Amino acid sequence: AGWYFYSNETTPSWKKVNYNSVYKDIAGLLEDEDYDDGSYGPVFVRLAWHASGTYDKKTRTGGSDGGTIRHPAEAGHGANNGLEHARDRLEPLKKQYPNISYADLYTLAGVVAVQELGGPTVRWRPGREDKTEADCTPDGRLPDASQGADHVRDIFYRMGFNDQEIAALVGAHALGRCHTSRSGFEGPWNASPTSFTNFFYTELLNNTWVPKKWNGPFQYVDKQSGQFMMLPADMAFKKDSEFRKYVEKYAADQDAFFEDFAKAFAKLLELGVKFPEDAPVYEFKTLE
Ligand code: HIF
C-alpha cells in the first residue's frame, strides 16, 4: 500500500494528460467565422513560434519551456501584440486539462494548426514546465520585420538555426495576415491564408513587389492586385542569394518544403527545453 501511495503521488503532471484528446480539442477551436479569415490557426502558429523564438543558445535562456509568454512582462513586448487572441482562445483548455503546462499547450496549438490547415505532420513531445515571470526574457529577442537578411540571420543564428532551416521556416508566412492594430503592417501574404501551402515562396518569386503607398510602416504589396503583402524581412529571402536558393527549391517542390519545415518547426518548439527522459514523441494523426 505504501508503494502504491508513493508512486501515485509522484506521477508528474505532464503524464496525466491525454494529448490526443487535447489535440482534438484544439482542432475544435480553430474555426470561427467571425475571427479574421475564419481560423485561429495562423495566430496559434504565431503564438507557438513567439513562445519559442526567444531562445539564446549561448546563455541557454528563453524558448518555449516555462510558458513565460503568458506573463504580462513578456506578453507586453511589442512583437507579441495580438497574441492574447490566441491565449484567450486556448484558456478554456487549460481549465479542462489542468495538468497540461501552458508551455505544452501553446506549442501543441502550433502543431495542431500547421497540421489541420493542411501542412505536414510535426513531431512534438510533452513535458515542458511553467515558470514564473522572473524567467521572462528581455524584450528584443524576436525579429524586427522592418529589417533585412543580416538581422534575420542574427536572430535565427542566435537560436541555433542555419540558412536552410531559416528559409524553410519562413514558408509559414503563407498563413495569416498582418494587422495594423498589432504590428502596424497590413494584409495577407496570399489568397489562401488559412491553408498551409508553399505559396509564400511562389508568390515571393512570381509577383512584382512594390512599396505600398500609405502612411504606415514601409512594406511591399503585389503590383498586380495590391491585395497581398511582403514585409521587408520577407523580401530579404528574395534578395539574398543564399536564402533565395532555398526559396526557389521550395517554390518548385512542395514536398521538400513540407519535410524541411516539419523538422525546423519541431526544432523551434523544442529549443532550450529539458524534456523528461521518458517523454514520448507524438506524431498526431490529422483529423478528417
Ligand atoms: Fe511571422 N510575422 N515573422 N513568422 N507570423 C507576422 C505574422 C505571422 C515576422 C514578422 C511577422 C515567422 C517569422 C517572422 C507567423 C509565423 C511565423 C507579423 C504580423 C509580423 C510583423 C503580425 C500581425 O500584425 O498580426 C518576422 C520579421 C519573421 C522573421 C523572418 C516564422 C517563420 C515564417 C518563424 C513563423 O512561423 C504567422 C502564422 C503569422 C500570422 C499571424 C496571424 O495572426 O494571422
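## As for the domain arrangement of the chain
Working step 1: Parsing the chain into structural domains produces domain 1 (11-141 + 266-270) and domain 2 (149-264).
Working step 2: For domain 1 versus domain 2, the distance between C-alpha centres works out to 22 Å.
Working step 3: At the junction of the two partners, domain 1 supplies 29 residues and domain 2 supplies 23 residues.
Working step 4: Buried area between domain 1 and domain 2, summed over both chains or domains, comes out near 2200 Å², and the portion from carbon and sulfur atoms is 59%.
Working step 5: Here domain 1 and domain 2 share 2 salt bridges between them.
Working step 6: In this structure, Asp 37 and Arg 177 form a salt bridge, with 2.9 Å as the shortest nitrogen-oxygen distance.
Working step 7: Going through the elements one at a time, helix H3 (41-52) and helix H12 (254-270) are the ones with two or more residues in the side of domain 1 that touches domain 2.
Working step 8: Sort the elements by how many residues they give to the side of domain 1 that touches domain 2 and H3 lands first, with 5 residues.
Working step 9: In the side of domain 1 that touches domain 2, the residues fall into 12 nonpolar, 10 polar and 7 charged.

## Digging into the site of the ligand
Working step 1: Trp 49, His 173, Arg 177, His 179 and Ser 183 are the nearest of the 23 residues found near the ligand.
Working step 2: Within the backbone of Arg 177, one N or O atom sits 2.9 Å away from an oxygen atom of the ligand.
Working step 3: Here an oxygen atom of the ligand and a side-chain polar atom of His 179 are 2.7 Å apart.
Working step 4: According to the grid-proximity analysis, the pocket containing the ligand is the largest pocket.
Working step 5: Those elements giving two or more residues to the shell around the ligand turn out to be H3 and strand E1 (177-178).
Working step 6: Per-element accounting of the shell around the ligand gives the leading share, 5 residues, to H3.

## A closer look at the sheet that holds strand E3 (residues 209-211)
Working step 1: Spatial strand order, E3-E4-E5: 3 strands in an open sheet with antiparallel pairing. Lying at the two open borders of the sheet, with one neighbouring strand each, are E3 and strand E5 (229-230).
Working step 2: Note: E3 against strand E4 (residues 220-222), 3 bridges, orientation antiparallel. By the bridge assignment, Pro 211 is partnered in E4 with Tyr 220.

## Observations regarding the layout of surface pockets
Working step 1: Volume-wise, the largest pocket comes out at about 1000 Å³.
Working step 2: Contributing to the lining of the largest pocket are 46 residues, with Arg 46, Trp 49, His 50, His 173 and Leu 231 lying nearest its centre.
Working step 3: Those elements giving two or more residues to the lining of the largest pocket turn out to be H3, helix H7 (149-159), helix H8 (163-169), E1, helix H10 (232-239) and H12.
Working step 4: Looking at the lining of the largest pocket, the element that brings in the most residues is H3, giving 6 residues.
Working step 5: Broken down by class, the residue content of the lining of the largest pocket amounts to 26 nonpolar, 11 polar and 9 charged.
Working step 6: There is about 220 Å³ of room inside the second largest pocket.
Working step 7: Lining of the second largest pocket is provided by 18 residues; of these, Trp 14, Gly 127, Arg 128, Glu 129 and Asp 130 occupy positions nearest its centre.

Cut-offs used in this document
- Residues numbered from 1 in each chain as written.
- Predicted model: local features only at pLDDT ≥ 70, side-chain atom pairs only at ≥ 80, totals over all residues.
- Heavy atoms only, no water.
- Domains from an automatic or database assignment.
- Contact = heavy atoms within 4.5 Å.
- Buried area = accessible area lost by both parts, 1.4 Å probe.
- Salt bridge = Lys/Arg side-chain N within 4 Å of Asp/Glu carboxyl O.
- Helix = DSSP H or I, 4+ residues; strand = E, 2+ residues; numbered from the N terminus.
- Nonpolar A, V, L, I, M, F, W, Y, C, P; charged D, E, K, R; others polar.
- Near = heavy atom within 4 Å.
- Polar contact = N/O pair within 3.5 Å; in protein donor to acceptor, adjacent residues only side chain to side chain.
- 1 Å grid on protein atoms, 1.4 Å probe; cavity = no way out; pocket = protein on both sides within 12 Å on 5 of 7 lines; lining within 4 Å.
- Sits in = over half its atoms within 2 Å of the grid points.
- Pairing = 2+ DSSP bridges.
- Points joined across faces, edges and corners; volume = space filled by probe spheres on them.

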